[in-house]
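Architecture at a glance
So the chains spell out like this:
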Amino acid sequence: MKNYPTLAFIGAGNMARAIIGGLIKQGYPANKIWASEPDLSRIQDLQTQGLNVTDSNIDVVSNADVVVLAVKPQILKAVLLPLSEAAQQSKPLFISVAAGITSSSINRWLGGNQSVVRCMPNTPALVGLGASGLFANSDVSDEQRNQAEAVMSATGLTLWVEDEQQLHAITAVSGSGPAYYFLFMEAMISAGVQQGLTLDAATQLTLQTAKGAAEMALQSDVDPAELRRRVTSPNGTTEQAILAFQRHDLEGIVADAMGACATRSIAMAEELGK
Ligand SMILES: NC(=O)c1ccc[n+]([C@@H]2O[C@H](COP(=O)([O-])OP(=O)(O)OC[C@H]3O[C@@H](n4cnc5c(N)ncnc54)[C@H](O)[C@@H]3O)[C@@H](O)[C@H]2O)c1
């Protein structure tokens, strides 16, 4: 990124910190980043890293080119309503990472005619391996779209959608997805320990296997199903594990889980977007 926009985060919790960490690792100048939190003691560490910190959301909206909305969806309306006057004057680009809440709700709470990019990132942004779905409303200019792309691509893969509704499915796949893999890792570590490995050995082997499988799938010219078949010798060991997963309908469990996730995203848009 040649011209670094002044970037501000309203809410510096888990997701904002993952994005900030990824940006800093990619060389984004810390002094071009602001973080806003009601309790400044929570962000002293960010100040130590060279970021600007404040407890005034109005100040960051007035002074930043790009404002990332990273508070919980449940409080987004209450956070945005007092910012509408400042937003109308300074007209920054807003990037909301809040699950569910539509760009039209955000635009309305900010007084209308605002440039809003809705983004569904994920926490691997922290290590530059994030995956973000992005949607731009009709007020977003080409330059602002490029700004959003530059910011989020510094944290990993970006994928733009023309239909905002697709962000529900993106939430189910990649927004919440890291938690599914962590859960699977927890289960594998626990089963490894049950079979007699030390916790350390089971953890190291599980994590390296997850990393290796993901890297191999990314680099491969064949799909994951074929890679799975190549591990699964007829009448061998893997086959017994796969059969056990299939007896418990792993595919159905995953489809149910991801369906519940997307349904919750849709419900949050309705409950919290008024
Ligand atoms: N955590 C994830 O994996 C993930 C992934 C994608 C999207 N998101 C979205 O990111 C958003 C933040 O989630 P999180 O997990 O980081 O939550 P979090 O609770 O860790 O962070 C939210 C932060 O907002 C701060 N805050 C509260 N009131 C505020 C106010 N008035 N002004 C400024 N800051 C205020 C809180 O102190 C907290 O630090 C949510 O909308 C969530 O849907 C999270």
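Residues numbered from 1 in each chain as written. Predicted model: local features only at pLDDT ≥ 70, side-chain atom pairs only at ≥ 80, totals over all residues. Heavy atoms only, no water.

How we decide: UniProt positions are given in the numbering used here, feature names are shortened, and annotations may be inferred rather than shown by experiment.
The name given to the protein chain in an unreviewed UniProt entry is Pyrroline-5-carboxylate reductase, with Neptunomonas concharum as the source organism. Recorded under Function (unreviewed entry), the UniProt text for the protein chain is reproduced unchanged: "Catalyzes the reduction of 1-pyrroline-5-carboxylate (PCA) to L-proline."

Some details on the overall build of the protein chain
In plain terms, the rule: Helix numbering and strand numbering both begin at the N terminus, where a helix is a DSSP run of H or I of at least 4 residues and a strand a DSSP run of E of at least 2. Each residue is assigned to one of three classes by its accessible area relative to the maximum for its type, calculated with a 1.4 Å probe on protein chains only: buried under 20%, partly exposed between the two thresholds, exposed over 50%. The contact rule is simple, with two residues in contact once any of their heavy atoms fall within 4.5 Å.
When helices and strands are tallied, the protein chain shows 13 helices and eight strands. Over its C-alpha atoms, taken along the principal directions, the protein chain stretches across nearly 70 × 40 × 35 Å. Every one of the 274 residues in the protein chain was classed for burial, and the buried ones make up 41%. In the protein chain, once contacts between residues fewer than 6 apart in sequence are set aside, the share between residues at least 24 apart is 61%.

A few points about helix H1 (residues 14-25)
Along an α-helix, residues three or four apart share an orientation, since each turn contains 3.6 residues. Where we set the bar: A helix's residues, less one, multiplied by 1.5 Å, set its expected span.
For H1, which comprises twelve residues, the first-to-last C-alpha distance of 17 Å matches the rise-based estimate of 16 Å (1.5 Å per residue) to within 8%. Of all the positions in H1, only Met15, Ala16, Ala18, Ile19, Ile20, Gly21, Gly22 and Leu23 are classed as buried. Trailing H1 by a residue or two, Gly27 shows a phi angle of about 95 degrees, which is positive.

Some points on the side chain of Gln144
Within the secondary structure layout, Gln144 lies in helix H7 (residues 142-153). If we skip the residues at most four places from it in the chain, Gln144 touches Lys91, Pro92, Leu93, Ser115 and Asp139.

Regarding the nonpolar core
Put simply, the rule reads: To qualify as a nonpolar core, a set must consist of buried Ala, Val, Leu, Ile, Met, Phe, Trp, Tyr and Cys residues joined through side-chain atoms within 4.5 Å.
Counting residues in hydrophobic clusters, the biggest one holds 33 residues, and the most contacted among them are Leu7, Phe9, Ile19, Leu23, Leu46, Ile95 and Val117. At the level of secondary structure, the elements contributing two or more residues to this core comprise strand E1 (7-10), H1, strand E2 (33-36), strand E4 (66-69), strand E5 (93-96), strand E6 (115-120), strand E7 (130-136) and H7. At six residues, H1 tops the list of elements feeding residues into this core. Leave out the neighbours within four places in its chain, and Leu7 touches Leu23, Tyr28, Lys32, Ile33, Trp34, Val66, Val68 and Val151.

A look at the UniProt feature "domain: Pyrroline-5-carboxylate reductase dimerisation" (unreviewed entry) in the protein chain
UniProt tags residues 164-266 as "domain: Pyrroline-5-carboxylate reductase dimerisation" (unreviewed entry). Between the first and last C-alpha atoms of residues 164-266 the distance is 11 Å; the span itself is 83% helix and 0% strand.

Some details on the site of the ligand
Definition in use: To be near a molecule or strand, a residue needs just one of its heavy atoms within 4 Å of it. Side-chain atoms alone can form a polar contact between residues adjacent in sequence; in general such a contact is a pair of N or O atoms within 3.5 Å, and within protein one must be able to donate a hydrogen while the other accepts it. Under the convention used here, a 1.4 Å probe and the Shrake-Rupley method define accessible areas, while residue burial counts only the protein chains that appear. A pocket here means an open set of points on a 1 Å grid, computed over the protein atoms alone, that has protein on both sides within 12 Å along at least five of seven lines. A cavity is instead a set of points where a 1.4 Å probe fits but cannot get out; residues with an atom within 4 Å of a point line either one. The rule for placing a molecule in a cavity or pocket is simple: more than half of its atoms must lie within 2 Å of the grid points.
Near the ligand, the surroundings consist of 23 residues, among which Asn14, Met15, Glu37, Val71 and Ala99 are the closest. Within the contact set of the ligand, a nitrogen atom lies 3.4 Å away from a backbone nitrogen or oxygen of Gly11. Here the ligand, which alone exposes 830 Å², has 79% of that area covered by the protein. When atoms are counted within 2 Å of each cavity's grid points, the one that captures over half of the ligand is the second largest pocket. Put simply, the parts of the chain that give the shell around the ligand at least two residues each are H1 and helix H4 (73-80). Residue contributions to the shell around the ligand peak at three residues, all from H4.

Focus on the packing of helix H8 (residues 166-175) against helix H9 (residues 177-194)
As a reminder, the rule being used: All axes are obtained by fitting lines to C-alpha atoms, using only the stretch in contact for helices, and the reported angles, taken between N-to-C directions, cover 0 to 180 degrees. For classification, angles of less than 35 degrees are called roughly parallel, those exceeding 145 degrees roughly antiparallel, those between 65 and 115 degrees roughly perpendicular, and all remaining angles oblique. Residue polarity follows a fixed list, in which Ala, Val, Leu, Ile, Met, Phe, Trp, Tyr, Cys and Pro are nonpolar, Asp, Glu, Lys and Arg are charged, and the others, Gly among them, are polar.
Two numbers describe how H8 lies on H9: the axes approach to 5 Å, and their chain directions differ by 30 degrees. Here H8 lies roughly parallel to H9, going by the angle between them. Each of Thr171, Ala172, Val173, Ser174 and Gly175 in H8 lies in contact with H9, whose residues at this interface are Gly177, Pro178 and Tyr180. Each residue belonging to the contact of H8 with H9 can be placed in one class, and the counts come to four nonpolar, four polar and no charged.

Structural notes on the pairing of E5
Consecutive residues of a regular strand have side chains that alternate between opposite faces of the sheet. The cut-off we apply is this: A pair of strands counts as paired when DSSP detects no fewer than two bridges linking them. Here, the term right-handed applies to a crossover whose path from the first strand over the helix to the second runs clockwise when the strands point away from the viewer.
Every second residue of E5 is oriented toward a common face, with Leu93 and Ile95 on one face and Phe94 and Ser96 on the other, all of them buried. Note: E5 against E6, four bridges, orientation parallel. If you follow Phe94 over to E6, its bridge partner there is Val116. Read from E5 through helix H6 (residues 103-109) to E6, the crossover connection turns out right-handed.

Points about the layout of surface pockets
As a reminder, the rule being used: Grid points are joined across faces, edges and corners, and a volume is the space filled by probe spheres set on the points.
Approximately 750 Å³ is the volume attributed to the second largest pocket. In terms of lining residues, the second largest pocket is bounded by 32 residues, among which Asn14, Met15, Ala70, Val71 and Lys72 are the most central. Listing elements by their share of the lining of the second largest pocket, those giving two or more residues are H1, H4, H8 and H9. Here the lining of the second largest pocket is built from residues that sort into 18 nonpolar, ten polar and four charged.

Thoughts on the sheet that holds strand E8 (residues 156-160)
Read from one edge of the open sheet, eight strands run E3-E2-E1-E4-E5-E6-E7-E8, paired in mixed fashion. A single partner strand is all that each edge strand has here, and the edge strands are strand E3 (52-54) and E8. For this sheet, the mean inter-axis angle between neighbouring strands, taken without regard to orientation, is 25 degrees. H7 rests against E1, E4, E5, E6, E7 and E8 of the sheet, and its axis sits at about 145 degrees to E8.

Here's the deal with the packing of aromatic side chains
For clarity, the cut-off: Any two rings among Phe, Tyr and Trp, with Trp reduced to its six-membered ring, count as a pair given centres within 6.5 Å; such a pair is stacked if its planes are under 30 degrees apart, edge-to-face if over 60, and tilted if neither. We count a charge as sitting over a ring when the NZ of a lysine or the CZ of an arginine lies within 6 Å of the ring centre and within 35 degrees of the ring normal.
This model, assessed by the stated rule, comprises two aromatic pairs. Measuring from centroid to centroid gives 4.8 Å for Tyr4 and Tyr28, while their planes differ by 70 degrees, and the two rings are edge-to-face. With a gap of 24 residues between them, Tyr4 in the segment before E1 and Tyr28 in the loop between H1 and E2 connect regions that are remote in the sequence. A centroid spacing of 5.9 Å and a plane angle of 40 degrees characterise the contact between Phe184 and Phe245, whose relative ring orientation is tilted. Of this pair, Phe184 sits in helix H9 while Phe245 sits in helix H12 (residues 237-247), and the two are 61 residues apart along the sequence. Under the relative-accessibility criterion, Phe184 is labelled partly exposed at 36%. We note Arg145 situated over the ring of Trp160; from NZ or CZ to the ring centre the distance is 4.3 Å.

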